[in-house]
Amino acid sequence: MRSFILRLKSAWQHREFQVYVFESSALKKFVVVEIILGYLVYKTAFYLSHNDLLAGASSWAGTEGVKRLPVLIRRIAGV
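Keep in mind that this is a model prediction, so the values were computed, not measured.

Colleague: Explain the side chain of Thr 63 here, please?
Modeller: With respect to the secondary-structure elements, Thr 63 resides in helix α3 (residues 52-77). You can call Thr 63 buried: its relative accessible area is 5%. In this structure, Thr 63 is in contact with Val 33, Glu 34, Leu 37 and Gly 38, ignoring residues within four places of it in sequence.

Have a look at this one:
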């Protein structure tokens, strides 16, 4: 117990201020791909199948496919 208290006290003495920087383009890309496109794919899949589980899986697969599409195009083009 004593070692835990000493470790806790030393953690309080070494306070660090951390700053995380996000590029606005990365944030916009996340919002567009993950939230907007995911929602649209989910609603489309739900409309077609009337199944929440299938619509959720389609939404995940659709957004992952869109994120990996540029890599696939580069690989096909040989760039």
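Colleague: Is there a simple way to think about unusual backbone geometry in this case?
Modeller: Negative phi values dominate among residues other than glycine, just as trans dominates among peptide bonds. We note that His 50 has phi near 55°; this positive angle belongs to a residue other than glycine. Among the secondary structure elements, His 50 is positioned in the loop between α2 (24-49) and α3.

Colleague: Honestly, the packing of aromatic side chains in this entry has me stumped. Any pointers?
Modeller: Centre distance and the angle of the planes are the two values used to describe a pair of aromatic rings. Counted by the stated rule, this structure contains one aromatic pair. Ring geometry for Tyr 42 against Phe 46: centres 6.1 Å apart, planes inclined by 15°, an arrangement best described as stacked. In this pair, Tyr 42 and Phe 46 both sit in helix α2, four residues apart, roughly one turn of the helix. Accessibility expressed as a relative area gives 26% for Tyr 42, which makes it partly exposed. When its relative accessible area of 29% is taken as the criterion, Phe 46 is described as partly exposed.

About the cut-offs
Residues numbered from 1 in each chain as written. Predicted model: local features only at pLDDT ≥ 70, side-chain atom pairs only at ≥ 80, totals over all residues. Heavy atoms only, no water. Helix = DSSP H or I, 4+ residues; strand = E, 2+ residues; numbered from the N terminus. Buried < 20%, exposed > 50% of the residue type's maximum accessible area, 1.4 Å probe, protein only. Contact = heavy atoms within 4.5 Å. Phe/Tyr/Trp six-rings, centres within 6.5 Å; stacked < 30°, edge-to-face > 60°.

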